[in-house]
Amino acid sequence: MCAVVPSSCALGGLWMSEAQISSMYVSGPGGQNRLDIKNGCILRLTKAPGRSADDLYKGIQSSDGGVRCDSLKELASVSRDVTFAQEFISRDGHVLLVKIVEDSNENNQIMTHTLTGFMELMDHGIVSWENLSAVFIKKIAGFVNSKSTDESMQQVSLDILESMVLSSCKLFLQVKQEVTMERLIAHLQVANQQIQTKAMALLMALLQTAEDADRQEMFAFLNKKNLRQYIYKNIILSSSPVQDEMAHYLYVLQSVTLNHLEARMRTPLDCYSQDQRDILHRLRQAAFETESENNLNHERRRSLCAKEFKKLGFSNNSNPGQDLVRTPPGLLALDTMYYFASGYPDAYSRFVLENSSREDKHECPFARSSIQLTLILCEILRIGESPSETGSNYHPIFFSQDQLLEELFCVSIQLLNKTWKEMRATQEDFDKVMQVVKEQITRTLSSKPTSLELFKNKVNALNYSEILKLRQTERLHQEETLAPPVLELKERLKPELLELIRQQRLNRLCQGTMFRKISSRRRQDKLWYCRLSPNHKMLHYGDVDEEAENPAIETLQEKIPVADIKGLLTGKDCPHMKENKGKQTKEVLDLAFSITYDVEEYSLNFIAPSRTDFCLWTDGLSVLLGRDMSSESMRSELEILLSMEIKLRLLDLENVPIPDSAPAIPKPPSNYNFCYEFNQTEQ
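Keep in mind it's a predicted model, so treat the numbers as computed, not measured.

**Student:** Any details on the pairing of strand S2 (residues 527-532)? Residues and values, ideally.
**Tutor:** The element S2 is largely enclosed, with a buried count of six among its six residues. Side-chain alternation along S2 places Leu527, Tyr529 and Arg531 on one buried face and Trp528, Cys530 and Leu532 on a second face that is also buried. Judged from the four bridges that link them, strand S1 (residues 513-516) and S2 form a sheet pairing that is antiparallel. Note that in S2 the partner of Arg516 across the bridge is Leu527.

**Student:** Please set out the packing of aromatic side chains residue by residue, giving values where relevant.
**Tutor:** In total, this model carries 24 aromatic pairs according to the counting rule given. Between Phe309 and Phe314, the ring centres sit 5.6 Å apart and the planes meet at 85°, which makes this aromatic pair edge-to-face. The interplanar angle of 25° and the centroid separation of 6.2 Å between the aromatic rings of Phe340 and Phe366 together place this pair among those described as stacked. In this pair, Phe340 sits in helix H18 (residues 331-343) while Phe366 sits in helix H20 (residues 366-380), placing the two residues 26 residues apart along the sequence. Under the relative-accessibility criterion, Phe366 is labelled buried at 2%. An aromatic cluster is present here, built from Phe515, Trp528, Tyr541, Phe593, Phe606, Phe614 and Trp617 joined pairwise through their rings. In this arrangement the basic side chain of Arg228 is found over the ring face of Phe398, its NZ or CZ atom lying 4.8 Å from the centre. Note that Arg284 overlies the ring of Phe309, its terminal NZ or CZ placed 5.8 Å from the centroid.

**Student:** Explain the sheet that holds S2 residue by residue, including any values.
**Tutor:** Ordered by their spatial adjacency, four strands build an open sheet running S1-S2-S3-S4, and the pairing between neighbours is antiparallel. Among the strands making up the open sheet, the edge pair consists of S1 and strand S4 (558-561). Averaged over neighbouring strand pairs, the angle between their axes works out to 25° when direction is ignored. Contacts between helix H25 (residues 484-511) and the sheet are confined to S1 and S2, with S2 contributing the most and set at about 135° to the helix.

**Student:** Let's hear about unusual backbone geometry: which residues, and what values?
**Tutor:** With the exception of glycine, the majority of residues adopt a negative phi angle, and the majority of peptide bonds are in the trans configuration. That bond from Thr327 to Pro328 is cis: its omega, -20°, falls within 30 degrees of zero. Tracing the sequence through the fold places Pro328 in the loop between helix H17 (298-312) and H18. For the bond from Pro328 to Pro329, the omega torsion is 10°, close enough to zero to count as cis. Along the chain, the position of Pro329 falls in the loop between H17 and H18. Of note in this structure, Asn226 is not a glycine but carries a positive phi near 60°.

**Student:** Report on the environment of Ser77, specifying residues and quantitative values.
**Tutor:** On the secondary structure map, Ser77 appears in helix H3 (residues 65-78). Each C-alpha atom of the pair Ser77 and Thr116 lies 8.7 Å from the other, and the pair is 39 residues apart in sequence.

**Student:** Account for H18, with residues named and values stated.
**Tutor:** Side chains of residues three or four places apart in an α-helix project in the same direction, reflecting 3.6 residues per turn. Over its 13 residues, H18 extends 18 Å from the first C-alpha to the last, a length consistent with the 18 Å expected when each residue adds 1.5 Å. Residues of H18 that are buried: Leu331, Leu332, Ala333, Leu334, Thr336, Met337, Tyr339, Phe340 and Ala341. Packing partners of the buried residues in H18 comprise helix H15 (262-265), helix H16 (274-287), helix H19 (345-356), H20 and helix H21 (404-422).

**Student:** For the environment of Phe455, give the residues involved together with the corresponding values.
**Tutor:** You can see Phe455 is positioned in helix H23 (residues 452-461). For Phe455, a relative accessible area of 0% translates into the label buried. It is 8.2 Å that separates the C-alpha atoms of Phe455 and Ile397, two residues lying 58 residues apart in sequence. If sequence neighbours within four positions are ignored, Phe455 has contacts with Ile397, Leu408, Val411, Ser412, Ile441, Thr444, Leu445 and Pro449.

**Student:** Summarise the environment of Ala199; cite the residues concerned and give the values.
**Tutor:** Inspection of the secondary structure assignment puts Ala199 in helix H11 (residues 193-209). Residues Ala199 and His187, twelve residues apart in the sequence, show an inter-C-alpha distance of 6.3 Å. Residue contacts for Ala199: discarding those within four places in its chain leaves Leu158, Leu184, His187 and Leu188.

**Student:** Can you break down the side chain of Arg531 residue by residue, with the values?
**Tutor:** You can see Arg531 is positioned in strand S2. One buried charged side chain, Arg531, makes no salt bridge at all; its nearest oppositely charged neighbour is Glu554, positioned 7.1 Å away. A distance of 3.1 Å separates a polar side-chain atom of Arg531 from the backbone oxygen of Cys510.

**Student:** Could you give me a rundown of helix H13 (residues 227-236), with the residues and numbers involved?
**Tutor:** Of all the ten residues making up H13, seven are buried; the element is thus mostly covered by neighbouring parts of the structure. Leu227, Arg228, Ile231, Tyr232, Asn234, Ile235 and Ile236 are the residues of H13 that are buried. Buried residues belonging to H13 abut helix H10 (181-187), H11, helix H12 (212-224) and helix H14 (244-258).

**Student:** An account of the nonpolar core is needed here, citing residue identities and associated values.
**Tutor:** In this structure, Met164 and Ile231 are the most contacted members of the largest nonpolar core, which totals 139 residues. With residues near it in sequence (within four places) discarded, Met164 still touches Trp129, Leu132, Phe136, Ile137, Leu171 and Val175. Counting residues in hydrophobic clusters, the runner-up holds 40 residues, among them Leu506, Tyr597, Phe606 and Val623.

About the thresholds
- Residues numbered from 1 in each chain as written.
- Predicted model: local features only at pLDDT ≥ 70, side-chain atom pairs only at ≥ 80, totals over all residues.
- Heavy atoms only, no water.
- Buried < 20%, exposed > 50% of the residue type's maximum accessible area, 1.4 Å probe, protein only.
- Helix = DSSP H or I, 4+ residues; strand = E, 2+ residues; numbered from the N terminus.
- Pairing = 2+ DSSP bridges.
- Phe/Tyr/Trp six-rings, centres within 6.5 Å; stacked < 30°, edge-to-face > 60°.
- Lys NZ or Arg CZ within 6 Å of the ring centre and 35° of its normal.
- Axes fitted to C-alpha atoms, helices over the stretch in contact; angles between N-to-C directions.
- Contact = heavy atoms within 4.5 Å.
- Expected span 1.5 Å × (residues − 1).
- Lys, Arg positive; Asp, Glu negative; His and termini not counted.
- Salt bridge = Lys/Arg side-chain N within 4 Å of Asp/Glu carboxyl O.
- Polar contact = N/O pair within 3.5 Å; in protein donor to acceptor, adjacent residues only side chain to side chain.
- Core = buried A, V, L, I, M, F, W, Y, C linked by side-chain atoms within 4.5 Å.

Take a look at the structure:
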């Protein structure tokens, strides 16, 4: 190494000492880890981090604007390396960047490079965000608030403010004071998707970091400004598809908003509350004629009320409030019933009177059904659950309705009455009907309807007979023939099909996957790519840009020989999950896996983009290690392949019963005189 490096430098016209040589493929500065360099590694001679930091520090202070611009542009690129970041920060380089922002004497291009470099440096967590001055925060907020600021500057400024908000309560209060909500809403109306996404990220950071009182105040302001309508018009109905990061923030907004209903959902009805008792009586009075009620004595009136509450479908007709003591859904069920009765009085009266006048035991109990339906809607909309770090399952219909739960209830309670009649159900079939209604709502919402009217049309078209057809189709797909000969055939087919799955897993690893670097401090958009070499001997990986869809294997800087891989860890056993023990959600734990190599302390840590990718990678790595595949995806695919292969082989046996055992072989005959001997003369 000592002989090769100087000669290579001389050929290139460079002068470098050994301590100034670093490798893109080896971590660590200054030759301390030279023993880690193995034969065959490709090294690239570059400036040492310390020398680069010196040169850029001087370039940024140059009196030549072009030199300053080039230096800041390079800084924005190399600051992603933590070793360089440490060197640059040790020279107070970040202070120099802060001063440039505070002075604001540079053009938009230089300011954009300055802000980008600053963000990359701060991302490493070497310097605390709390050290920033109030002047700097005001300048960054000013870039966001100004209508004339360059789009690239606004984008990175929004990113910086998001990190500030998530870092401390003190900075949250400063940012909340400086950034106007009107400008954030205005940023959601622009055509630039990146600015929309960053504005949503900052808005969600503000909402999630705020105390309850501040959050309520912010929500009141956003509702007054019709935030959801702007999102619906400019993002949901946009011609461009919603990207993954934006989908996450829409999911977070939906979750945080719907969780305002959690308090009502977990509060039981207070039988001593006059207001709540009045609402119950208004429900009864809205359904039945009560002109002569005031002329009755106390006992007669009480008897009449009990009779009418029973017709309404309350189990405890003498004290209907007892039906609403259970939590969840608690008072939320009372709210939804009253919303339906007051908002759709004709439909409410028709439902109650139609069922209270039946005498054939097929009446649908309104109150009991409403309580259970409210609980089902709470489960489907995940009310009371904290938003996950990786969730992205939002409902477009949420952004088109001010009171989603109540409006869904009004449509669904009428659907329930319709389904009840289609099933000709009785009280004994109550749970069965509720399961069908839940399936109808879930299947319809999974199709992502964008309006309440569309949801109503789709869910009503999905009647009981359609549900039965769908169930039958799904059952046929999952059905297995359990005859012993078929089971024996399955066992013989398994090795061939398992080999097919193994090859598919290895091919998938060769294609590679893009992984996100998730930090506990904030949701980051940094990406890295990992793929297996075509000869299955090397695992290549490295950082990539978001635009790189399928980077070539030569562009991935790092590699691990498959022969050096010692083990595969998943879930809470992974080193990066142990480091953040108690901070990770179950969803993240289910997607985490690591490989250990060389010696046990070295590991490569992954968080899969989805459960499917997790299964593909853990199966593929198991194959490379000579172990059996064990993922649920492998088991599912094996069953599908077996089912298809069995059905193909049994096509000729359609409608032919398969015996449990093979027919007995008859005994040989006593003689073979019945055999005909053919000779050539007969031709």
